[in-house]
Amino acid sequence: LFCEGALLAVSCSFSQEEMDTRPKVSLLLSRLANYTNLTQGAKEHEEAESIGEKRKASKSPQMGTFMGVYLPCLQNIFGVILFLRLTWVVGTAGVLQALCIVFICCCCTMLTAISMSAIATNGVVPAGGSYFMISRSLGPEFGGAVGLCFYLGTTFASAMYILGAIEILLMYIVPEAAIFRSNNEDGDGAAMLNNMRVYGSIFLLLMSTLVFVGVKYVNKLASIFLACVIVSILSIYTGALVSAFSPPTFPVCMLGNRTLPTHALGDGHCAKMVTVVMPANEEANVTANAASPEPTEVTTKLWTHFCQGPEPNASCDEYFDQSNVTQIPGIPGLSSGIITENLWSSYLSKGEVIEKQSLPSPNIPHSPSSRHLYVFADITTSFTLLVGIFFPSVTGIMAGSNRSGDLKDAQRSIPVGTILAILTTSLVYLSNVVLFGACIEGVVLRDKFGDSVQGNLVVGTLSWPSPWVIVIGSFFSTCGAGLQSLTGAPRLLQAIAKDNIIPFLRVFGHGKANGEPTWALLLTALIAELGILIASLDLVAPILSMFFLMCYLFVNLACAVQTLLRTPNWRPRFSYYHWTLSFLGMTICLALMFISSWYYAIVAMVIAGMIYKYIEYHGAEKEWGDGIRGLSLSAARYALLRLEEGPPHTKNWRPQLLVLLKLDEDAHVKSPRLLTFASQLKAGKGLTIVGTVIPGNFLHSYGDAMAAEQTLKHLMEKERVKGFYQCIVAQKPREGINHMIQSSGLGGMRPNTVVMGWPHAWRQSEDPQSWKTFINTVRVTTTAHLALLVPKNISLFPTNSEPCTDGTIDVWWIVHDGGMLMLLPFLLRQHKVWKKCGMRIFTVAQMEDNSIQMKKDLATFLYHLRIDAEVEVVEMHDSDISAYTYERTLMMEQRSQMLQQMRLSKSDREKEVSDFARGWDLCEHYVELCIGSDDDDDTDHRRVHMTWTKEKALQVRAQSGSNTPEGDHSNVRRMHTAVKLNEVIVNKSHDARLVLLNMPGPPKNPEGDENYMEFLEVLTEGLERVLLVRGGGSEVITIYS
C-alpha cells in the first residue's frame, strides 16, 4: 500500500485487509461509475468495438459481491410489474392473498437461488449462466431445451418491458401522442392496443439499433437506470410515511358505491348539479329567473352522461336518480385504517364496475350493455391469473451467475449476493403490499390505469414529493430493463449455438468481427416483435413466466440429481443446500406453472419436449459429465443387480443377440445383411451386441480394433440397431470368438442367442479354417447353452426397405428344443418387412402315426400359444437308399479308403440295403443329426424334447430284429435322411419367403466335421432363404399367461 500526501496518515493506519473490506470513498465512487449490468462477454465486445485503439492488457476480475452480483440482481428483479401492476394485484386479491402470491413467488426464487448457488460454486461458470449450469449438470438435451426456454423467456421479457414503457409514455407522460383514437368508449381498448403495437415496434427498432451499434452505450446507461429504480422505490416509502401526517389530495368521485373516472368529467365537478351566479344578459339553460344575477343551480357534465339532456327534469338513468354523488379520498393515509377494507379479495369479471362495498347504494344491478361513465374491469381476474402476471417481477436472479467471469471470488459472491438480493426484493415487495393496502383506497387499487385519480399512475399518487418521480423513474427503468434483455438474450442464443448441440442454430453462433451476435440479435428482435404485437402486458407476462419457471424447475432438478447421486465431482463450496429444498423448489415451480396458466404450461412443456427429442436424435453428441448420465448409470446398476437375482422366467424370455460379423482386409463388413436381419428380428428393441474378431496382438493392433469398432458403430447407425459393439483381438479367430461368447454382456443382460453367417463357398476354399471355425462356434454355443441362428444365403434376405408383400414363413418342426422355431416367426412378423407374410408349420409323421390326430393336437397347441399359423402334417415312407445318396456320400468322403469300401457289387449293395433300411426310419437318422452324435452325454442336462424320441426308434429297430452295426454305414444313413427330408422341404416350401429348420449338431469326432458340413448343404439344397435354428436347451415360449 503506497501512502502519499494528506492521505498518508489516514491510509497507512488501516491494514490491507481492512482496505479490502472497507474501501476508500474515492475507490467506491470509481466502482459505482464503472458499474455495468451487462452479461459476461459484453464488456469484451465493447472494447473490441473501438477500432484503432490499442488492445489493453487484460485485467484480473475485480468486482466484488455488492457491485458484481447484488446490484445487477436488484436491478433485474425490480421491474415494470412493481410500478404498473402491484397496486392492482393488491386491490384485486386483497392484502392477505397478495402477501400469499408474493411469498410463494419469492420462496420459489429463493429455493432456486440456493440450488443455483450450489451449482455455481461447484466449479467455474463461463458465459451462458443458467444455460451452462443446466447443460453441464443435466446433459445437452435438457440444457438445450431449457436454454432455449430461458432464451425465449428473456426475449419475451424485453417485449414486456417495452410494452410497459409504452404504457407509461402514452397514459401518464404524453397521452396526446396517441396515434389511434376512438370516438366511443367501446373502441378505446382497441385503439390503445394499436398504439402499443406502433410505438412498441418503434421502440424495439431503436433499442435493437442501439445494441447493434455498441453495447458500450448500454453500459454507460446502466448506472442511470439503476439510480432510477432506487429513487423510485425510496419515493414510495417516503410517500407512505408522509401520508400518515398529510395525505396527498386525490379525491375519487363515487356515484352510490360505483367509481367514476375523474379525468373524464369534463368540467371537474363531482356533483349532479352546482350553484352558479349567471349574468343578467344571459339566458339560463334551466328554468330560472334571468332578470337578476342571483345564484342558480345548473346541471354538470356528469348529468349529461346519465340523462337524456341537460335539463333538470330530463329523464335519467334509474341508478343515477336513486344514488348520491360523493367524494372520498383516494389516498386516506397510513393512519386511516383503510387496510381493514383492503384485506379481502375483490375479483371481477370483464366489464364489471369497480365498487366500494361500504358505501350505500340502491339495489339496481348494472347492465353490461349500458356503457355509462364508470371505471370498469378490463379483464376477468382470478388468483391464478394474478400469479402469472406477478411472477416476472421476481425473475432476474441469474444476473450474478451470468457475470461469474468478472467477479473476484465468484464462488463466494454469487451465493451471498444473489440470496441477499432476493431477501431485499422480497422484503420490498411484501412491505409494499402492506403499505399499498394501508395507504390507498380499495377502488383506486383496483383501478389499473388510474382513471379514478385523474389518470395518474396509481403508485405515483403515493410517491413523494410528486407522482412524476415514479412516472419518470419507472419509464427509464423499464427502458433500461428492455435494453438489458435485448443485450443478454442474443448472447445466450450465441452460447447455445456455439455448443453445436442444435444443428439448425449454428448460423446464430456467428456475428461481427468482435464477436457481437448480429444474427442472434436479429432473431431476438423478431421474436420480441411477436410479443409487441400481442400489445397487452397482462397477456405477455404469463408467457415469460412459463419459460422462467421451467428454467428454475430444471435448476432445482439439476441440484437434486447431483446431490442424490453423490457424484464424486459434486463438491460445491456453498454448503447450505439439501436435496429436499431442491425438490420443494421444483414442486413449487411446477405448481406455479399450472396455477398461473395450465395451457401455457402445456405449450411450454411441449416446446421443451420437442427441442429435447430433436437434440437427442439430431444433435451433436456431447459428453459433459452430466447428472443424467450418472442417473442412468445408477439406474442401470440397480436394474442389473435386480436381474441377477434369478434366471428369467419363460414369459420374460426374449432374444438377446450376439451378432458375429467378419471384416475383410479393408475393415469392411463382409455380410452387412446379417445385421439387417438382426434388426428385423429385434424390431429395434432389446439387447444387441455386435462383435468381431481381429487376428493379431492387442499390443500392436489397438488402433485397428478402434477402427473396427467405428465401422461396427456406423453400420449399426445405418441399420438403426440400438445396441453395443465389441472388437476382440486374438491370435486365432476361433479363440477370439470363444472369448467373446464367454465374456459378452453383464449380469442378467448377457446374450442368449448367437447369430452368425454361413461360411460361403466353403467347398472351394483353400483354407479350411473358415468352416472349421464355424463348426467350433456351433460347439461353443451348445456348451454355453446359447441358442444359435444361422441364416443361409444371407445376401438374398430382404433389406429394411424391401418389405415382403405376400408369401409365407415356413417352419419345419422336426425336433422340439424349447420353442425357438415357434417364437422366431412371430418376432419377425412384428417388423414391417415380414408383417404381411403368413406362417405355416410342417411336421413329419410315420406310417404308424395318426396324421389327423397329430394335426388336431398341433393346431390346439398353436391356439394356446396365441400364434396364427397353418398346420400341415407330411407323411414320409420308408424307402430304399437311392443311387444318388451313394453318389453324394462318395463325393463327401473323398478318401480312397472310403471309395474302395463303397465300390460294391450290385448284389452286395442290395443285401446291404435290406440289412439296415428295415426298421431304421428317417426320423431316427435326423435325431442322430440333431443330437445323437454330439449331445448324447448332455441330453438330460439340456432337456431336449423330440417329436419322435430315440427310444421309440430303438424300439422299432428291436422289433425288426436288425443288429446291423451303425458305425459302418452312418454316413450313408445320414445322407439318406438329409436327401429325403430335403426333397420333402423343397416340394412344400420352394416358394416360401423364409424356411426355418432345426439345425443338427456337429459330430463328436472332429474328423467328421467336413461330412457334417456336407449334410447341412444337402439338407438345405434348393432353398432360397434358410434360417437354421438350434435351441439353447431352455423353454422360450409358454401357453400360460
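Note that the structure is a prediction, hence the values are computed from the model and not measured.

A. Up close: the overall build of the protein chain. Within the protein chain, the secondary structure is distributed over 37 helices and 17 strands. A burial count over the protein chain gives 53% of its 1041 residues as buried. About 47,900 Å² of surface is accessible on the protein chain, with carbon and sulfur atoms providing 57% of the total.

B. Inspection of the sheet that holds strand S17 (residues 1026-1030) at higher detail. The 10 strands lie next to each other as S8-S7-S6-S9-S10-S17-S16-S11-S13-S14, forming an open sheet whose pairing is mixed. Pairing within the sheet leaves two strands with one partner each, and these edge strands are strand S8 (724-730) and strand S14 (870-875). On average, each strand axis in the sheet is tilted by 20° relative to the strand beside it, whichever way the strands run. For strand S16 (residues 994-998) and S17, the ladder comprises four bridges, and the chain directions are parallel. Considered in S17, the bridge of valine 995 is made with valine 1026. Contacts from helix H24 (residues 673-682) reach strand S6 (657-660), strand S7 (688-695), strand S9 (753-756), strand S10 (787-792) and S17 within the one sheet, and its direction differs from that of S6 by about 165°. Set on the sheet, helix H28 (residues 820-828) makes contact with S10, strand S11 (808-812), strand S13 (838-845), S16 and S17; between it and S16 the angle comes to about 155°.

C. The pattern of salt bridges, seen in detail. Applying the stated criterion to the full structure yields 12 salt bridges. Here lysine 356 ties to glutamate 341 by a salt bridge, and the two come within 2.6 Å at their closest N and O atoms. Here glutamate 341 lies in helix H13 (residues 339-342) and lysine 356 lies in the loop between H13 and helix H14 (383-390), a separation of 15 residues in the sequence. Classification of lysine 356 as buried rests on a relative accessible area of 8%.

D. Main features of the packing of helix H7 (residues 86-120) against helix H21 (residues 579-596). At their nearest, the axes of H7 and H21 sit 9 Å apart, and the two run at 140° to each other. On the basis of the axis angle, H7 is oblique to H21. Crossing angle aside, the handedness with which H7 passes H21 is left-handed. Between H7 and H21, the residues in contact are Ile104, Cys108, Leu111, Thr112, Ile114 and Ser115 and Leu581, Ser582, Leu584, Gly585, Ile588, Cys589 and Leu592, respectively. Tallied by class, the residues present in the contact of H7 with H21 amount to nine nonpolar, four polar and no charged.

E. Local environment of the packing of H24 against helix H25 (residues 702-719). Running from N to C, H24 and H25 point in directions that differ by 50°, and their axes come no closer than 10 Å. Between H24 and H25, the crossing angle belongs to the class labelled oblique. You can see that H24 and H25 cross each other, and the crossing is right-handed. Counting all contacts with H24, which are made through Leu675, Thr676 and Ser679, the residues of H25 involved are Leu715, Met716 and Glu719.

F. Highlighting the pairing of S17. Taken across its five residues, S17 has five buried, putting it largely inside the fold. With burial as the criterion, each face of S17 is covered, one bearing Val1026, Leu1028 and Arg1030 and the other bearing Leu1027 and Val1029. Direction of pairing for S10 relative to S17: antiparallel, over a ladder of five bridges. Along S17, the bridge assignment pairs leucine 789 with valine 1029. Handedness of the crossover is the feature at issue here: the chain leaves S16, passes through helix H37 (residues 1009-1019), returns alongside S17, and the resulting connection is right-handed.

G. Representation of the side chain of threonine 109 in the model. The topology assignment puts threonine 109 in helix H7. Engagement of the side chain of threonine 109 in a polar contact is seen with the backbone oxygen of cysteine 106, the distance being 2.9 Å. The contacts of threonine 109, once residues within four sequence positions are left out, are Val394, Ile397, Ile422 and Tyr552.

H. Geometry of the packing of aromatic side chains. Per the stated rule, a full pass over the model turns up 24 aromatic pairs. A ring pair is formed by phenylalanine 203 and phenylalanine 475, whose centres lie 6.4 Å apart and whose planes are at 75°; its orientation type is edge-to-face. Of this pair, phenylalanine 203 sits in helix H9 (residues 188-213) while phenylalanine 475 sits in helix H18 (residues 467-498), and the two are 272 residues apart along the sequence. Exposure class is identical for phenylalanine 203 and phenylalanine 475. Each is buried. Ring pairing ties together the aromatic residues Trp303, Phe306, Phe320, Tyr374 and Phe376, which thus form one cluster. Here the guanidinium or amino end of lysine 272 rests over the ring plane of phenylalanine 320, the centre of that ring lying 4.6 Å away. The ring of tryptophan 758 has lysine 792 sitting right over it, with the charged end atom 5.4 Å from the ring centre.

I. View of H7. Compared with the 51 Å implied by 1.5 Å per residue over 35 residues, the 32 Å span of H7 between its first and last C-alpha is markedly short. Glycine 94 marks the point of greatest bend in H7, at about 115°. Judged by how many residues are buried, H7 sits mostly within the fold: 28 of 35 residues are covered.

J. Spotlight on the state of the cysteines. The tally for this structure, following the rule as stated, stands at two disulfides. The disulfide bridge from cysteine 307 ends at cysteine 316, spanning 1.7 Å between sulfur atoms. Between cysteine 307 and cysteine 316, the disulfide has an S-S torsion of 105° and is therefore right-handed. For the residue pair cysteine 307 and cysteine 316, the accessibility class agrees, reading buried in each case.

K. Layout of the environment of threonine 650. Of note, threonine 650 is situated in the loop between helix H23 (627-643) and S6. The exposure class of threonine 650 is partly exposed, given its relative accessible area of 22%. Sequence spacing of threonine 650 and serine 1034 is 384 residues, and the spatial spacing of their C-alpha atoms is 8.4 Å. Once you skip the residues sitting within four places of it in the chain, threonine 650 turns out to touch Glu1035, Val1036, Ile1037 and Thr1038.

L. Representation of the sheet that holds strand S2 (residues 258-259) within the structure. The strand order S2-S1-S5 describes an open sheet built from three strands, whose pairing is antiparallel. Every other strand in the sheet has two partners, leaving S2 and strand S5 (325-329) as the edge strands with one partner each. Two strands pair when backbone bridges link them, and strand S1 (residues 251-255) and S5 are joined in this way by five bridges, in the antiparallel orientation. Its bridge partner being in S5, proline 251 is matched across the sheet by proline 329.

M. Fine view of the confidence of the model for the protein chain. Summary statistics for the protein chain give a mean pLDDT of 78 and a share of 78% for residues scoring 70 or more. Counting contacts from residues 282-291, a segment whose pLDDT is below 50, to residues more than four positions away or on other chains yields 13 contacts. Per-residue pLDDT stays below 50 along residues 930-954; that stretch engages in 64 contacts with residues further than four places along the chain or on separate chains.

N. Representation of helix H5 (residues 65-77). With 11 of 13 residues buried, H5 is to be regarded as a mostly interior element. Of all the residues in H5, the buried ones are Thr65, Met67, Gly68, Val69, Tyr70, Leu71, Pro72, Cys73, Leu74, Gln75 and Ile77.

O. How the structure looks around a nonpolar patch on the surface. On the surface, Leu590, Phe594, Trp598, Tyr599, Ile602, Met605, Val606 and Met610 cluster together into a nonpolar patch covering about 780 Å² of accessible area. Looking at the nonpolar patch, the elements with two or more residues in it are H21 and helix H22 (598-618). Broken down by element, the residue count for the nonpolar patch peaks at six residues, all from H22. By the element assignment, phenylalanine 594 lies in helix H21.

P. Representation of the side chain of threonine 1020 in the model. For threonine 1020, the position within the fold is in the loop between H37 and S17. Take threonine 1020: its relative accessible area is 1%, and that puts it in the buried class. Polar side-chain contacts of threonine 1020 include one of 3.4 Å to the side chain of lysine 792. Contact partners of threonine 1020, with chain neighbours within four places excluded, come to Lys792, Asn982, Leu997, Val1026 and Leu1028.

Q. Representation of the pairing of S9 within the structure. By the alternation rule, side chains of S9 split into Thr753 and Val755 and Val754 and Met756, which are all buried. In this sheet, S9 lies alongside S6 in parallel orientation, the contact comprising four bridges. Paired with leucine 657 across the two strands is threonine 753, which belongs to S9. As paired elements, S9 and S10 share three bridges and run parallel to each other.

Conventions used here
- Residues numbered from 1 in each chain as written.
- Predicted model: local features only at pLDDT ≥ 70, side-chain atom pairs only at ≥ 80, totals over all residues.
- Heavy atoms only, no water.
- Helix = DSSP H or I, 4+ residues; strand = E, 2+ residues; numbered from the N terminus.
- Buried < 20%, exposed > 50% of the residue type's maximum accessible area, 1.4 Å probe, protein only.
- Areas by Shrake-Rupley, 256 points an atom, 1.4 Å probe, with all protein chains shown as cover.
- Pairing = 2+ DSSP bridges.
- Axes fitted to C-alpha atoms, helices over the stretch in contact; angles between N-to-C directions.
- Contact = heavy atoms within 4.5 Å.
- Salt bridge = Lys/Arg side-chain N within 4 Å of Asp/Glu carboxyl O.
- Parallel < 35°, antiparallel > 145°, perpendicular 65-115°, else oblique.
- Left-handed = near helix turned anticlockwise from the far one by under 90°.
- Nonpolar A, V, L, I, M, F, W, Y, C, P; charged D, E, K, R; others polar.
- Right-handed = clockwise from strand over helix to strand, strands pointing away.
- Polar contact = N/O pair within 3.5 Å; in protein donor to acceptor, adjacent residues only side chain to side chain.
- Phe/Tyr/Trp six-rings, centres within 6.5 Å; stacked < 30°, edge-to-face > 60°.
- Lys NZ or Arg CZ within 6 Å of the ring centre and 35° of its normal.
- Expected span 1.5 Å × (residues − 1).
- Bend = angle between axes of the 7 residues up to and from the residue.
- Disulfide = S-S within 2.5 Å.
- pLDDT = per-residue confidence, 0-100.
- Patch = residues over 30% accessible without salt bridge, like charges linked within 9 Å, V, L, I, M, F, W, Y side chains within 5 Å.

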